[in-house]
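Close look at the chain arrangement
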Amino acid sequence: MRHLEGRVNGRQVTVVALNDTAMLQEATWDGVEVRRGDRIDLVVRSVCPGSRYEDTALSEQLLLGAH
């Protein structure tokens, strides 16, 4: 399981747990309000060790919500 910390403008707002899979996964940030111009950061907090590579990668991010 991988853990990502979600931050808005430098403030931690959530910690998301993702499974060790290449399949699509969805994570919600319930109750978090993000406005135009806000900075969103994802901070990798933990990883699953790989058998081939030593790096960590997120292949895609899609942000959905009210605009």
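Residues numbered from 1 in each chain as written. Predicted model: local features only at pLDDT ≥ 70, side-chain atom pairs only at ≥ 80, totals over all residues. Heavy atoms only, no water.

1. Examining the overall build of the protein chain
- Scanning the protein chain from terminus to terminus reveals zero helices and three strands.
- Each helix and strand of the protein chain, placed in order from N terminus to C terminus, yields the pattern β-β-β.
- For the protein chain, the C-alpha atoms occupy an extent of roughly 40 × 20 × 20 Å along the three principal directions.
- The buried share of the protein chain, taken over its 67 residues, is 10%.
- Summarising the internal contacts of the protein chain: among those between residues at least 6 apart in sequence, 42% fall at separations of at least 24.
- Of the roughly 6100 Å² that the protein chain leaves accessible, carbon and sulfur atoms contribute 47%.
- Looking at the protein chain, you have 8 positive and 10 negative side-chain charges, and the mean spots of the two groups are 5 Å apart. (Helix = DSSP H or I, 4+ residues; strand = E, 2+ residues; numbered from the N terminus. Buried < 20%, exposed > 50% of the residue type's maximum accessible area, 1.4 Å probe, protein only. Contact = heavy atoms within 4.5 Å. Areas by Shrake-Rupley, 256 points an atom, 1.4 Å probe, with all protein chains shown as cover. Lys, Arg positive; Asp, Glu negative; His and termini not counted. Charge placed at Lys NZ, Arg CZ, Asp CG, Glu CD.)

2. Re the pairing of strand E2 (residues 11-18)
- Across seven bridges, the pairing between strand E1 (residues 2-8) and E2 is antiparallel. When the sheet's bridge partners are listed, Arg-2 is paired in E2 with Leu-18. (Pairing = 2+ DSSP bridges.)

3. Thoughts on the pattern of salt bridges
- All chains considered together, the criterion is met by five salt bridges.
- Across the pair Glu-33 and Arg-35 runs a salt bridge whose closest N-O atoms are separated by 3.7 Å.
- Residue class for Glu-33 comes out exposed when judged on its relative accessible area of 56%.
- Asp-41 is the partner of Arg-39 in a salt bridge, and the nearest nitrogen-oxygen pair spans 3.0 Å.
- Among the charged side chains, a salt-bridge network with shared partners connects Glu-5, Arg-7 and Arg-45. (Salt bridge = Lys/Arg side-chain N within 4 Å of Asp/Glu carboxyl O.)

4. As for the layout of surface pockets
- Here the largest pocket defines a volume of roughly 1700 Å³.
- Listing elements by their share of the lining of the largest pocket, those giving two or more residues are E1, E2 and strand E3 (40-46).
- Looking at which element gives the most residues to the lining of the largest pocket, the answer is E1, with three residues.
- Across the lining of the largest pocket, the residue classes break down as 22 nonpolar, 12 polar and 10 charged. (1 Å grid on protein atoms, 1.4 Å probe; cavity = no way out; pocket = protein on both sides within 12 Å on 5 of 7 lines; lining within 4 Å. Points joined across faces, edges and corners; volume = space filled by probe spheres on them. Nonpolar A, V, L, I, M, F, W, Y, C, P; charged D, E, K, R; others polar.)

5. Some details on a nonpolar patch on the surface
- Together, Val-34, Ile-40 and Leu-63 give the surface a local cluster of nonpolar side chains, amounting to about 260 Å² of exposed area.
- Of note, Leu-63 is situated in the segment after E3.
- Taking the relative accessible area as the measure of exposure, Leu-63 reaches 60% and is therefore exposed. (Patch = residues over 30% accessible without salt bridge, like charges linked within 9 Å, V, L, I, M, F, W, Y side chains within 5 Å.)

Purely geometric numbers; function is a separate question.
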